[in-house]
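Here are the chains, one letter per residue:
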Amino acid sequence: MEYYFDNAATTKVRPEVLEAMLPYFSEDYGNPSSIYKIGQKTKKAVETARAQVAKAINAPAANEIYFTAGGSESDNWAIKGIADSYGEKGRHIITTAIEHHAVLHTCEYLESKGYEITYLPVDEYGLVSAEQVKAAIRPDTILVSVMFANNEIGTIEPVAEIGAVCREAGVLFHTDAVQAVGHVPVDVRAMNIDLLSMSGHKFYGPKGIGAMYIRKGIKIPSFIHGGAQERKRRAGTENVPGIVGMGRAIELAVSELDTEMPRLIGLRTKLINGIMDRIPYARLNGHPDKRLPGNVNIAFEFIEGESILLLLDMNDICASSGSACTSGSLDPSHVLLAIGMPHEKAHGSLRLTMGHFTTAQEVDHVLETLPPIVERLREMSPLYEQIKNKK
């Protein structure tokens with residue numbers, strides 16, 4: 001049996017979602033652009049899913065939802081598209097130091113094209129304030145892009161307040177809500193969001209499908225040129241099974257928020273308190289309360305996160321590290337450095353993210369397994385040995 005604690009990376013497709021998708025692989029397989037019946041049937045399924053996504057984020061109209069291949073594509077389209085359409089008005093964009101690389105690398109690309117990017121710092125919890133955004137806005141600012149919730153430390157940003165500041169200043173506001181949609185309430189109207197990115201596989205839908213909300217009236221160029229799909233803004237035959245799956249997944253996730261959020265917060269509290277009680281020299285990363293319901297990110301002094309992951313895997317526990325060393329880099333996470341963590345401590349971080357299928361028994365298993373792993377690794381650490389000797 002595997003104990004899956006990496007739901008921030010991807011989620012398991014729910015049985016109800018898979019069931020909704022299956023007919024569109026082999027029975028209702030028509031091209032939605034075709035005029036005959038099986039084509040029109042799939043077109044209707046696509047539009048039903050579009051309406052489901054719009055309703056989930058309280059978008060005023062379903063035609064403000066555009067399907068993409070995922071969150072990274074949506075982020076790229078939002079930022080590059082606004083830069084292209086509004087470049088004559090100004091060439092200044094505001095974002096934060098803790099964004100996902102889909103945003104940061106896109107901004108770096110625009111810097112190479114002559115745009116100026118302001119990377120706002122965050123506090124020790126990973127929060128950026130609406131006041132910081134307001135102070136950074138200039139006459140030539142065309143876009144503010146601030147993530148809804150951080151993918152590593154789980155901190156939820158004051159999106160509604162930032163949206164209000166941007167609306168008052170007449171500056172467009174984009175949020176990467178990949179980690180938030182389906183996990184916490186998202187309301188594009190109440191929060192003054194102009195563009196929003198999301199990804200189906202983060203809320204128990206399939207991989208390879210995402211969406212972007214673009215508020216009516218915003219000028220944005222086509223991202224993929226070719227056919228007339230997605231109202232001529234993203235060409236290519238639609239991924240009908242993926243779109244249907246995403247629609248069903250977001251419908252289920254949002255309908256269950258009232259029960260899932262408190263359940264996951266309870267498991268999160270149990271896991272955090274259990275780790276802190278059992279393991280000394282541990283620190284919770286991210287805001288203690290303003291965080292995603294299922295996110296736990298903890299730094300352990302004197303050891304490497306990669307080593308923890310390997311030993312957890314030997315005990316059938318799937319998790320991830322706050323350190324980028326697992327992807328081949330020797331540098332620690334840019335998010336952990338941005339919240340003021342020293343390099344040596346940032347390398348010892350562990351992210352445990354829970355979801356719909358996580359149980360209290362699985363949390364108990366982690367609490368039984370993790371402390372001896374940390375102790376075993378620390379016994380090999382000269383730094384830890386010095387601390388023990390001083391005591």
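Structure's up top.
Residues numbered from 1 in each chain as written. Predicted model: local features only at pLDDT ≥ 70, side-chain atom pairs only at ≥ 80, totals over all residues. Heavy atoms only, no water.

Caption draft 1: Looking closely at the overall build of the protein chain. Per the secondary structure count, the protein chain includes 14 helices and 13 strands. Here the C-alpha coordinates of the protein chain stretch approximately 75 × 55 × 35 Å along the principal axes. Nonlocal contacts in the protein chain, meaning residues at least 24 apart in sequence, comprise 72% of its contacts between residues at least 6 apart. Total accessible area computed for the protein chain in this model is approximately 16,800 Å², and 54% of it derives from carbon and sulfur atoms. For the protein chain, the distance from the average site of its 40 positive side-chain charges to the average site of its 48 negative ones is 6 Å. (Helix = DSSP H or I, 4+ residues; strand = E, 2+ residues; numbered from the N terminus. Contact = heavy atoms within 4.5 Å. Areas by Shrake-Rupley, 256 points an atom, 1.4 Å probe, with all protein chains shown as cover. Lys, Arg positive; Asp, Glu negative; His and termini not counted. Charge placed at Lys NZ, Arg CZ, Asp CG, Glu CD.)

Caption draft 2: Geometry of the sheet that holds strand 7 (residues 195–199). Ordered in space as 2-8-7-6-5-3-4, the seven strands form an open sheet in which the pairing is mixed. Edge positions in the open sheet fall to strand 2 (65–68) and strand 4 (116–120), since each of these has one partner strand only. Strand-to-strand twist across the sheet, computed as the mean angle between neighbouring axes with direction ignored, equals 20°. Of the pairings in the sheet, the one linking strand 2 to strand 8 (residues 210–214) comprises four bridges and is antiparallel in character. Bridge pairing links I65 to Y213 in strand 8. (Pairing = 2+ DSSP bridges. Axes fitted to C-alpha atoms, helices over the stretch in contact; angles between N-to-C directions.)

Caption draft 3: View of the state of the cysteines. Applying the stated criterion across every chain, the model contains zero disulfides. Looking at the unpaired C107, the closest cysteine sulfur is the one in C166, lying at 14 Å. (Disulfide = S-S within 2.5 Å.)

Caption draft 4: Spatial organisation of the environment of M341. On the secondary structure map, M341 appears in the loop between helix 11 (334–338) and helix 12 (343–346). C-alpha of M341 to C-alpha of A130: the two residues are 211 residues apart in sequence and 23 Å apart in space. Setting aside its immediate chain neighbours within four residues, M341 contacts R283, N285, A299, L336, A346 and S349.

Caption draft 5: The side chain of E362, seen in detail. Here E362 shows up in helix 13 (residues 360–378). There is no salt bridge for the buried E362, and the closest opposite charge comes from R263, which lies 7.5 Å off by N-O distance. At 2.9 Å, the side chain of E362 and the backbone nitrogen of T359 are in polar contact. Filtering out sequence-adjacent residues up to four positions away, E362 remains in contact with M1, E2, Y3, F5 and F357. (Buried < 20%, exposed > 50% of the residue type's maximum accessible area, 1.4 Å probe, protein only. Salt bridge = Lys/Arg side-chain N within 4 Å of Asp/Glu carboxyl O. Polar contact = N/O pair within 3.5 Å; in protein donor to acceptor, adjacent residues only side chain to side chain.)

Caption draft 6: Seen up close, helix 4 (residues 71–86). Between its first and last C-alpha, helix 4 extends 22 Å over 16 residues, near the 22 Å set by a 1.5 Å rise per residue. Among all positions of helix 4, only G71, E73, S74, D75, N76, W77, A78, I79, G81, I82, A83 and Y86 are buried. (Expected span 1.5 Å × (residues − 1).)

Caption draft 7: Up close: the packing of aromatic side chains. Evaluation of the coordinates by the stated rule reveals four aromatic pairs. Both rings, one in Y281 and one in F302, keep their centres 5.3 Å apart while their planes meet at 75°; by these two values the pair is edge-to-face. With Y281 in the loop between helix 9 (257–278) and strand 9 (282–284) and F302 in the loop between strand 10 (295–300) and helix 10 (305–314), this pair connects stretches of sequence that are 21 residues apart. When its relative accessible area of 28% is taken as the criterion, Y281 is described as partly exposed. An aromatic cluster of at least three residues, connected via ring pairs, comprises Y66, W77 and F223. Taking NZ or CZ as reference, K219 lies 5.3 Å from the ring centre of Y86, over its face. The ring of Y66 has R231 sitting right over it, with the charged end atom 4.2 Å from the ring centre. (Phe/Tyr/Trp six-rings, centres within 6.5 Å; stacked < 30°, edge-to-face > 60°. Lys NZ or Arg CZ within 6 Å of the ring centre and 35° of its normal.)

Caption draft 8: The arrangement of the sheet that holds strand 12 (residues 320–321) in detail. Strands sit in the order 9-10-13-12 across an open sheet of four strands; the sheet is antiparallel. Looking along the sheet, the strands with just one partner apiece sit at the ends: strand 9 and strand 12. Bridge count between strand 9 and strand 10: three bridges; the pairing is antiparallel. Across the sheet, the residue bridging to A282 is F300, located in strand 10.

Caption draft 9: Spotlight on the environment of G71. Here G71 lies in helix 4. In this structure the C-alpha to C-alpha distance between G71 and G208, which are 137 residues apart in sequence, comes to 9.2 Å. Residues within four places of G71 in sequence aside, it is in contact with V178, S197, M198 and S199.

Caption draft 10: Quick look at the packing of helix 4 against helix 5 (residues 101–112). It is at 9 Å that the axes of helix 4 and helix 5 come closest, and there the two elements cross at 30°. Put simply, helix 4 runs roughly parallel to helix 5. Crossing of helix 4 over helix 5 shows right-handed handedness. Along its contact with helix 4, which presents S72, D75, N76, I79, K80 and A83, the element helix 5 presents A102, V103, T106, C107, Y109 and L110. Class assignment of the residues belonging to the contact of helix 4 with helix 5 gives a composition of seven nonpolar, three polar and two charged. (Parallel < 35°, antiparallel > 145°, perpendicular 65-115°, else oblique. Left-handed = near helix turned anticlockwise from the far one by under 90°. Nonpolar A, V, L, I, M, F, W, Y, C, P; charged D, E, K, R; others polar.)

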